[in-house]
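Architecture at a glance
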Amino acid sequence: MRHTTHALTSMFVLAYVALHTLCVSAAAAQSAADISVSAKASTTEAFVGDAVRVTVSLSGVGSTNGLTPPAAPDIPGARVEYQGAGQRSSSIMGFDGRRRVSASVDFNFTVVPGRAGVLTVPPFEVEVGGAVWQTDPIDIVVREPQTSDIAPVEVTVSNETPYVGEPLTLTFTWTFPESRVSNGEFIAYQLPDGVRPLAGIDPSPRLTQQRNRSVREITFMGQPTYMLQERFARGRDTFSSLRIQLYIEATKAGEQLIPPVEIAFDEIVSSGRSRLRGAITERRIARSTPITLEARPLPTQSVPDGFDGLVGRVDLSAGVDQTNIGLGDPIALRLMIRGDEPLARVSPPELDVDPAFTDDFRVDDEGWSLLNEQPGLRIFQTVIRAMRDDVEAAPPIRLPYFDAERERYIIAETEPLPLNVRDRRRVTAADAIRPRESAVPPPASVTELERSLGGVPGVPITEAMLGDRAFVMADAMRTPAAIGMLVGGPACLAFAGLIAVGRSRRDPSVRRRT
């Protein structure tokens with residue numbers, strides 16, 4: 001009988017497991033079947049420069065945790081930007097009788113076409129639970145608005161015949177009457193292959209905010225910059241002027257065409273005669289005149305050693321945190337670089353390959369670190385250590401560059417920094433020059449190291465440092481660990497015995513077994 005009952009119980013358990021697995025699989029299949037992904041545009045007809053909203057909808061997922069927005073597709077002639085996501089949820093009944101939550105997510109993008117024609121938005125790819133879902137492509141018919149001269153846009157460059165690598169300032173200026181223009185938008189802009197934008201600090205934010213002038217930080221062509229807006233009166237109208245500056249450089253010699261910049265805007269053709277009837281606008285476009293750069297190659301004669309293509313004008317100065325030091329003591333070496341922006345392209349010279357430093361100093365493997373940056377100034381710091389006590393100064397730091405105004409190569413150079421190196425030094429574990437990936441913090445204590453015989457630094461070891469290392473059993477038995485082991489064991493056994501006796505008195509079945 002007992003065997004029959006055990007067999008029936010086993011069969012019931014197996015049947016339950018199989019049914020549960022089937023329900024879970026069916027629920028999972030239903031969940032996967034309920035997932036859907038689609039993409040929809042706010043309009044299929046637009047003007048050049050219009051912002052078209054594209055929504056990628058994902059529905060039927062159990063949870064939005066771990067979901068990431070799809071990557072913005074690369075569309076030639078258009079700008080695509082991710083604007084954020086919104087979600088909603090609903091409750092459904094599954095095959096297993098359980099109520100499940102179904103979540104939906106909308107990923108929102110903005111597509112700004114930059115040229116007329118048929119613009120195809122390629123499929124978006126959304127990953128859910130390791131599976132990739134794809135949307136259908138979307139076609140948008142793009143038309144070009146009529147040009148208008150009521151809001152002219154102008155593009156200028158600081159030098160139309162630069163050397164390769166010479167930094168230039170590209171300025172965009174758009175002027176428009178406030179009563180006749182609204183909703184201006186820069187159309188996708190791309191520099192030619194032989195010209196690239198540079199990062200830098202624009203002096204515009206240093207301008208004082210005034211009544212008719214404001215400065216706003218923006219991102220233009222992927223680079224941080226600032227837009228200056230000024231308002232002024234001309235006749236009976238009030239005008240606004242928007243100015244954006246961007247640093248660029250030519251990367252190869254020859255003729256480079258800077259394309260015209262285009263701004264799409266709404267021209268107000270009628271202001272409306274009543275509150276119920278708003279202003280009537282028509283889409284317009286303003287276009288600048290293209291600019292031709294004639295980039296010149298750098299001279300190939302008299303190129304100094306260590307020149308890495310820096311073009312401009314820089315000035316160097318250096319300093320140390322202390323002049324009286326012990327042999328091997330860390331010396332904080334600071335380098336100040338001054339020059340015209342953008343200085344982000346200027347890197348301090350590598351001292352670990354300069355024989356003037358490597359012959360007498362150990363240079364920190366971590367190299368230079370940026371301490372401070374201001375318009376026209378960068379301050380760097382590194383650590384060096386004198387390897388000989390006859391060193392009298394830190395050598396000059398040299399940085400070669402090409403001066404575009406003088407049209408010749410120049411080596412910027414700091415003054416030597418006098419040092420007084422003593423034969424005795426204080427060394428800690430932090431003095432060891434570690435690899436870049438090391439993150440070991442320096443110890444709090446400091447140990448004096450004396451120079452041993454032969455001129456090799458050594459650690460004097462005395463009997464007081466070592467102490468009496470003989471093992472004495474009596475001393476060992478008096479340690480807290482030994483006393484705990486001797487007393488703790490019997491105490492634990494006695495406590496377990498008391499628990500067993502108490503159980504036998506309370507439970508008759510325990511007394512019968514004993």
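Residues numbered from 1 in each chain as written. Predicted model: local features only at pLDDT ≥ 70, side-chain atom pairs only at ≥ 80, totals over all residues. Heavy atoms only, no water.

1. Focus on the pairing of strand S15 (residues 213-220)
Where S15 and strand S16 (residues 223-234) come together, 8 bridges link them in antiparallel fashion. Opposite Arg-216, over in S16, you have Met-227 as the bridge partner. Taking the residues that link successive antiparallel strands as the turn, the S15-S16 hairpin has 2 residues, and the phi of Met-221 there is positive, at about 55 degrees. (Pairing = 2+ DSSP bridges. Helix = DSSP H or I, 4+ residues; strand = E, 2+ residues; numbered from the N terminus.)

2. Observations regarding the layout of surface pockets
Estimated volume of the largest pocket: approximately 920 Å³. Along the wall of the largest pocket there are 28 residues; nearest its centre are Arg-79, Phe-186, Ile-187, Ala-188 and Tyr-189. When residues of the lining of the largest pocket are traced back to their parent elements, those giving at least two are strand S4 (78-93), strand S13 (181-186), S15, strand S17 (237-250) and strand S19 (262-270). Sorting elements by how many residues they give to the lining of the largest pocket places S15 first, with 4 residues. Grouping the constituent residues of the lining of the largest pocket by class yields 16 nonpolar, 6 polar and 6 charged. (1 Å grid on protein atoms, 1.4 Å probe; cavity = no way out; pocket = protein on both sides within 12 Å on 5 of 7 lines; lining within 4 Å. Points joined across faces, edges and corners; volume = space filled by probe spheres on them. Nonpolar A, V, L, I, M, F, W, Y, C, P; charged D, E, K, R; others polar.)

3. Topic: the sheet that holds strand S6 (residues 117-121)
Pairing is mixed across the open sheet formed by 3 strands, whose spatial order is S2-S9-S6. At either end of the open sheet lies a strand with only one pairing partner, and these are strand S2 (45-47) and S6. Taken over all neighbouring pairs, the strand axes of this sheet differ in orientation by 35 degrees on average, direction set aside. Bridging between S2 and strand S9 (residues 138-143) involves 3 bridges; their strand directions are parallel. (Axes fitted to C-alpha atoms, helices over the stretch in contact; angles between N-to-C directions.)

4. A closer look at the pattern of salt bridges
If you walk through the whole model with that rule in mind, you get 20 salt bridges. A salt bridge links Asp-50 to Arg-283; the nearest nitrogen and oxygen atoms lie 2.8 Å apart. Of this pair, Asp-50 sits in the loop between S2 and strand S3 (52-61) while Arg-283 sits in strand S20 (residues 280-287), and the two are 233 residues apart along the sequence. You'll find Asp-50 and Arg-283 in the same group, each marked buried. (Salt bridge = Lys/Arg side-chain N within 4 Å of Asp/Glu carboxyl O. Buried < 20%, exposed > 50% of the residue type's maximum accessible area, 1.4 Å probe, protein only.)

5. Some thoughts on the sheet that holds S19
Two pairing modes exist for strands in a sheet, parallel and antiparallel, and in both the strands are linked by backbone hydrogen bonds. Taken in spatial order, the 4 strands line up as S10-S20-S19-S13 in an open sheet, and their pairing is mixed. Two strands bound the open sheet, and with one partner strand each, they are strand S10 (146-147) and S13.

6. Some details on the side chain of Ser-104
When you line up the elements, Ser-104 lands in strand S5 (residues 99-113). Given the relative accessible area of 12%, Ser-104 is considered buried. Among all residues touching Ser-104, those that are not within four sequence positions of it are Leu-58, Ser-59, Gly-60, Gly-86, Gln-87 and Arg-88. (Contact = heavy atoms within 4.5 Å.)

7. Observations regarding the pairing of S9
Residues Ile-138, Ile-140 and Val-142 point to one face of S9 and are all buried, whereas Asp-139, Val-141 and Arg-143, pointing to the other face, are not buried. Pairing geometry for S6 and S9, over 5 bridges, is antiparallel. Directly across from Leu-119, in S9, lies its bridge partner Ile-140.

8. Points about a negative patch on the surface
Side chains of Glu-350, Asp-352, Asp-365 and Glu-366 sit close together on the surface and give a patch of like negative charge. If you trace the backbone, Asp-365 turns up in the loop between strand S25 (361-363) and strand S26 (369-374). Judged by its relative accessible area of 42%, Asp-365 falls in the partly exposed class. (Patch = residues over 30% accessible without salt bridge, like charges linked within 9 Å, V, L, I, M, F, W, Y side chains within 5 Å. Areas by Shrake-Rupley, 256 points an atom, 1.4 Å probe, with all protein chains shown as cover. Lys, Arg positive; Asp, Glu negative; His and termini not counted. Charge placed at Lys NZ, Arg CZ, Asp CG, Glu CD.)

9. Here we look at the confidence of the model for the protein
Mean pLDDT over the protein stands at 78; residues scoring 70 or higher make up 68%. Per-residue pLDDT stays below 50 along residues 15-31; that stretch engages in 7 contacts with residues further than four places along the chain or on separate chains. When the criterion is pLDDT under 50, residues 436-474 qualifies, and its contacts beyond four places in sequence or with other chains add up to 31 contacts. (pLDDT = per-residue confidence, 0-100.)

10. Points about unusual backbone geometry
The peptide bond linking Glu-341 to Pro-342 adopts the cis configuration, its omega dihedral lying at 5 degrees. Mapped onto the fold, Pro-342 is located in the loop between strand S24 (330-339) and helix H2 (355-358). Even without being a glycine, Ser-302 presents a positive backbone phi close to 60 degrees. Relative to the helices and strands, Ser-302 resides in the loop between strand S21 (291-295) and strand S22 (314-320). At Glu-407, a position not held by glycine, the phi torsion is positive, near 60 degrees. With respect to the helices, strands and loops of the structure, Glu-407 is situated in the loop between strand S29 (398-403) and strand S30 (408-413). On the accessibility criterion, Glu-407 (44% relative accessible area) is partly exposed.

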